[in-house]
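What the coordinates show
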Amino acid sequence: MNIGRSKKPKKPTIIPRPKHTVSRSEISDSALKVLYRLHKSGFQAFLVGGGVRDAILGLHPKDFDIATDAHPDEVNALFSNCRLIGRRFRLAHVRFGREVIEVATFRASSDEEDDPDSALDNDGRILRDNVYGTVDEDVWRRDFTCNALYYNIADFSIWDYVGGVKDIQKRRLVLIGDAETRLREDPVRMLRAVRFAGKLDFTIHRSVQKAMRKSVELLRNVPPARLFDEFLKMFQGGHALKTFQLLREHNLFRQLFPETDEYLDSDESFVRFVEAALINTDRRIAEEKSVTPMFLIGVFLWAPVRERAKQLREEEGMTVAQSLAAAGWDITGLQQSRISIPKRFTAPMREMLSLQPRYEIVNGRRAMKLLEHRRFRAAYDFFVLRAEVGEVDQKLADFWTDIQTQPSEARDKQFAVTDSAGPARKKRRRRPRKRRAASSESS
């Protein structure tokens, strides 16, 4: 499927309310308030993107983005709880407590080379794109047909310009326009394709797959900070394992974690370790438990860190803990050139990895003090995963699992710690006091 972007806007297929399954009951009250106020103020107002797609699929949408012909300043004037953000393209964020509804003005494609509001780099990647347009033009700026559906609050119809409803029914991801051109404009669309395929259980259309094979290297041009944002979306959305498998299938993972990828090809145990961690992450998200990026980053970097630590022990005579800490610095530094990981995640990740040797010691006060360490839980979970794939003794993992539920007296016994343990302190010998000299006034 190859949908070209003609300069003459294409008219949509309008699907009336009785012919589709999108219900206002699936749209958040906050999003409805924004839609209705825009409409009553004389502006066009559409729910767009993933919210419409997920509602059609019966997935109970959580993200509600709105597109309108109102300019950002006009949106800002309508809502006292509105804040304008962005440099590349100004957006309006309307806040209702913790919920934020994003409102974007329709955009148009600029073909003028000297247009100050539009710029591409030498590879065709969009650097700046600030041209306002109409809804008929806006659709051609969106990436996949399934994300280019417009729910019109005026009459509750769906406007479909590019066959998005049909592609949703066939569960396939199709890029709007020429696939290679669209990936050059924004290489992150390759990661979005994988993320949507993993989340929605869609297949990636063969035209997109072909373009992805030719465009993989373009990910190196994407700013590392933006790739970190995509990392969070891919691996903290509840479909981490499937996404990981698709990234490897399409040779994208090596662009994100080049130091890790070579070990995935040669170490089957490491692959099982990574997949076990991803399964655990998906399970925690399904159970609405917290997850932290630092854990998965540590998982992905474990093989190169472990190998670098071994090298440091051989060359510089470091201890195991010292070598793991130093290797964490080295490998993290290399990784930052691809994905810019904030210090608030890299610092605890290195600490988690350097604690691993301490779980192999189960006697004495130092072993007992490990339970009080601020990274104990994360490092323990990491150690359990290592035991699951046979990297460390399962009995050690069982020991640390059991010890957490025992009362203090039983713990002391398990750690072989008693009150009299350790060398007795030497008593300080008290010096005799000097006698005070007799007063000269005494008789």
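Here we summarise the structure given alongside this text. What you see as residue numbers is a count from 1 along each chain, following the sequence as written. Thresholds applied to this predicted model are a pLDDT of at least 70 for local features of residues and 80 or more for the giving and counting of side-chain atom pairs; totals over whole chains, interfaces and linings are not thresholded and use all residues. For side-chain calculations, the full set of non-hydrogen atoms in the structure is used, while hydrogens and water are omitted.

A short note on a negative patch on the surface
Rules: Two joining distances apply to patches: 9 Å for like charges and 5 Å for nonpolar side chains (Val, Leu, Ile, Met, Phe, Trp, Tyr), and every residue must have over 30% relative accessible area and no salt bridge. Values of accessible area rely on a 1.4 Å probe in the Shrake-Rupley scheme; residue burial ignores everything except the protein chains shown. Here, a salt bridge means any side-chain nitrogen of Lys or Arg that lies within 4 Å of a carboxyl oxygen of Asp or Glu. His is not counted here, nor are the chain ends, while Lys and Arg score as positive and Asp and Glu score as negative. To locate a charge, take atom NZ for lysine, CZ for arginine, CG for aspartate or CD for glutamate. Helix numbers and strand numbers start at the N terminus; a helix is a DSSP run of H or I with at least 4 residues, a strand a run of E with at least 2.
Residues Glu-262, Glu-307, Glu-314, Glu-315 and Glu-316 make up a contiguous surface patch of negative charge. Examining the composition of the negative patch, we find that four residues originate from one element, helix α14 (residues 293-316), more than from any other. Following the sequence through the fold, Glu-314 ends up in helix α14.

Structural notes on the packing of helix α12 (residues 258-266) against α14
We count it as follows: Axis lines are fitted to C-alpha atoms, over the contacting stretch for helices. Their N-to-C directions set the angle, which ranges from 0 to 180 degrees. For classification, angles of less than 35 degrees are called roughly parallel, those exceeding 145 degrees roughly antiparallel, those between 65 and 115 degrees roughly perpendicular, and all remaining angles oblique. Contacts were defined at the residue level, with two residues in contact if any of their heavy atoms lie within 4.5 Å. Under the grouping applied here, Gly and all other residues not named as nonpolar or charged are polar, the nonpolar ones being Ala, Val, Leu, Ile, Met, Phe, Trp, Tyr, Cys and Pro and the charged ones Asp, Glu, Lys and Arg.
Closest axis-to-axis distance for the α12/α14 pair is 8 Å, and the angle between their directions is 85°. Taken together, the axis directions place α12 and α14 in an arrangement best described as roughly perpendicular. For the pair formed by α12 and α14, the contact residues are Glu-259, Thr-260 and Tyr-263 on the first element and Phe-300, Leu-301, Ala-303, Pro-304 and Glu-307 on the second. Looking at the contact of α12 with α14, its residues break down into five nonpolar, one polar and two charged.

Observations regarding the packing of aromatic side chains
Put simply, the test is: Under the pairing criterion, centres of Phe, Tyr and Trp rings, with the six-membered ring standing for Trp, must be within 6.5 Å; the plane angle then separates stacked pairs below 30 degrees from edge-to-face pairs above 60, leaving the rest tilted.
For the coordinates displayed, the defined rule picks out 28 aromatic pairs. Residues Phe-244 and Phe-253 carry aromatic rings whose centres are separated by 5.3 Å and whose planes lie at 85° to one another, so their mutual orientation is edge-to-face. Geometrically, the ring pair formed by Phe-376 and Tyr-380 is stacked, given 5.9 Å between the ring centres and 10° between the ring planes. Of this pair, Phe-376 and Tyr-380 are both found in helix α18 (residues 376-388), four residues apart, which corresponds to roughly one turn of the helix. Joined through ring pairs, the aromatic side chains of Phe-228, Phe-231, Phe-235, Phe-244, Phe-253, Phe-257, Phe-300 and Phe-345 make up one cluster.

Brief notes about the pattern of salt bridges
The test is simple: Between buried and exposed lies partly exposed: a residue is buried under 20% and exposed over 50% of the maximum accessible area for its type, with that area taken using a 1.4 Å probe on protein chains only.
In total, this model carries 24 salt bridges according to the counting rule given. In this structure, Arg-53 and Asp-54 form a salt bridge, with 2.9 Å as the shortest nitrogen-oxygen distance. Looking at Asp-54, the relative accessible area reads 6%, which means it is buried. The partner of Asp-143 in a salt bridge is Arg-192, and the shortest N-O contact between them spans 2.7 Å. Of this pair, Asp-143 sits in the loop between α4 (135-138) and β9 (149-152) while Arg-192 sits in helix α7 (residues 188-200), and the two are 49 residues apart along the sequence. Using a relative accessible area of 8% as the deciding quantity, one classes Asp-143 as buried.

Thoughts on the packing of α14 against helix α16 (residues 343-354)
Stated formally: A crossing counts as left-handed when the near helix is turned anticlockwise from the far one by less than a right angle, and as right-handed when that turn is clockwise.
Two elements in contact, α14 and α16, have axes separated by 9 Å at closest approach and are oriented at 55°. What the angle tells us is that α14 and α16 run oblique. You can see that α14 and α16 cross each other, and the crossing is right-handed. Seen from α14, the contacting residues are Pro-293, Met-294, Phe-295, Ile-297, Gly-298, Leu-301, Trp-302 and Val-305; seen from α16, they are Phe-345, Pro-348, Met-349, Met-352 and Leu-353. Residues that form the contact of α14 with α16 fall into these classes: 12 nonpolar, one polar and no charged.

Concerning α18
Filter applied, for reference: Here a helix's expected span is defined as the number of its residues, less one, multiplied by 1.5 Å.
The end-to-end C-alpha separation of α18 is 18 Å, in line with the 18 Å expected for 13 residues at 1.5 Å each. Every buried residue of α18 is listed here: Phe-376, Ala-378, Ala-379, Tyr-380, Phe-382, Phe-383, Leu-385, Arg-386 and Ala-387. Buried-residue contacts for α18 involve α13 (268-286), α14, α16 and α19 (394-403). Gly-390 lies just past α18 and shows a positive phi near 85°.

Here's the deal with the pairing of strand β4 (residues 82-85)
As a reminder, the rule being used: What makes two strands pair is DSSP finding at least two bridges between them.
The sheet contact formed by β4 and strand β5 (residues 91-96) spans four bridges and is antiparallel. Considered in β5, the bridge of Cys-82 is made with Val-94. Counted along the chain from β4 to the antiparallel partner β5, the turn is five residues long, and its residue Gly-86 has a positive phi close to 95°.

Brief notes about the nonpolar core
A general feature of soluble globular proteins is that nonpolar side chains tend to end up buried together. Let me state the cut-off plainly: Among the buried residues, those of types Ala, Val, Leu, Ile, Met, Phe, Trp, Tyr and Cys that are joined through side-chain atoms within 4.5 Å form a nonpolar core.
If you look at the biggest cluster of nonpolar residues, it comprises 118 residues, and the most contacted ones within it are Phe-235 and Trp-400. Here this core gets 12 residues from one element, more than from any other, and that element is α14. Setting aside residues up to four positions removed in sequence, Phe-235 forms contacts with Ala-240, Phe-244, Leu-247, Leu-278, Thr-281, Ile-285, Leu-296 and Phe-300. Of all hydrophobic cores here, the second largest spans 13 residues; its members include Phe-46, Val-139, Tyr-150 and Tyr-161.

Regarding helix α9 (residues 224-235)
Worth spelling out the cut-off: Taken from the helix axis, the directions to the C-beta atoms give the arc we talk about.
Helix length check: α9, at 12 residues, gives a terminal C-alpha distance of 16 Å against a target of 16 Å (1.5 Å per residue), a fit within 8%. When α9 is considered as a whole, its buried residues turn out to be Leu-227, Phe-228, Glu-230, Phe-231, Met-234 and Phe-235. Angularly, the buried residues of α9 cover 165° about the axis, an arc narrow enough to put them on a single face. Looking at the buried positions of α9, the neighbouring elements they touch are α7, α10 (240-249), α11 (253-256), α13, α14 and α16.

Some remarks on the sheet that holds strand β1 (residues 13-15)
Taken in spatial order, the eight strands make up an open sheet running β1-β10-β9-β2-β3-β6-β5-β4, and their pairing is mixed. The open sheet has two edge strands, β1 and β4, and neither has a second partner. Each neighbouring strand pair of the sheet contributes to a mean axis angle of 30°, computed without reference to strand direction. Of the strand pairs in this sheet, β1 and strand β10 (residues 157-160) are connected by three bridges, and their pairing is antiparallel. Note that in β10 the partner of Ile-15 across the bridge is Ile-158. With respect to the sheet, helix α1 (residues 29-40) is in contact with β2 (45-48), β3 (65-68), β5 and β6 (99-105), its orientation differing from that of β6 by roughly 35°.

Distances and angles like these do not, on their own, reveal function.
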